[in-house]
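Structural overview for review
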Amino acid sequence: MQDQRQRWSRGERVLVESYLEQHPELASNTPVLLDLIEPEISLRQEHGEAPQPAEYFARFPSLQAPLSQLLSKRGTTPPG
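The structure presented is a predicted model; accordingly, all values stated were derived computationally and were not measured.

What counts and how
- Residues numbered from 1 in each chain as written.
- Predicted model: local features only at pLDDT ≥ 70, side-chain atom pairs only at ≥ 80, totals over all residues.
- Heavy atoms only, no water.
- Salt bridge = Lys/Arg side-chain N within 4 Å of Asp/Glu carboxyl O.
- Helix = DSSP H or I, 4+ residues; strand = E, 2+ residues; numbered from the N terminus.
- Buried < 20%, exposed > 50% of the residue type's maximum accessible area, 1.4 Å probe, protein only.

A look at the pattern of salt bridges
- Following the criterion strictly, the structure yields 12 salt bridges and no others.
- Taking the shortest distance from any N to any O, the salt bridge between E46 and R5 comes out at 3.0 Å. Of this pair, E46 sits in helix α3 (residues 30–46) while R5 is found in helix α1 (residues 2–9), placing the two residues 41 residues apart along the sequence.
- Accessibility expressed as a relative area gives 48% for E46, which makes it partly exposed.
- Under the relative-accessibility criterion, R5 is labelled partly exposed at 39%.
- Across the pair R44 and E55 runs a salt bridge, and its minimum N-O distance is 2.9 Å. Of this pair, R44 sits in helix α3 while E55 sits in helix α4 (residues 53–59); the two residues are 11 residues apart in sequence, bridging distant segments of the chain.
- By relative accessible area, which is 6% here, R44 ends up buried.
- A network of salt bridges, in which partner residues are shared, links R13, E17, E40, R44, E49, E55 and R59.

Given below as structure tokens:
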């Protein structure tokens, strides 16, 4: 998402939950939610962070299966 990238470039470490606070209806839309999570992971990796699967599973417990696929695709291997 362009807004995420712009905000991170300004030093704002904006997480998906920030968007969900502004637009709570997005929380029930899995494809849109994943479209917000993926750039966050990418931006964190670009900034030298190592996002951990357990963190995302805890933050988004209803998305275990799609998150596993997304994290694998991003090079962040989910546990077992």
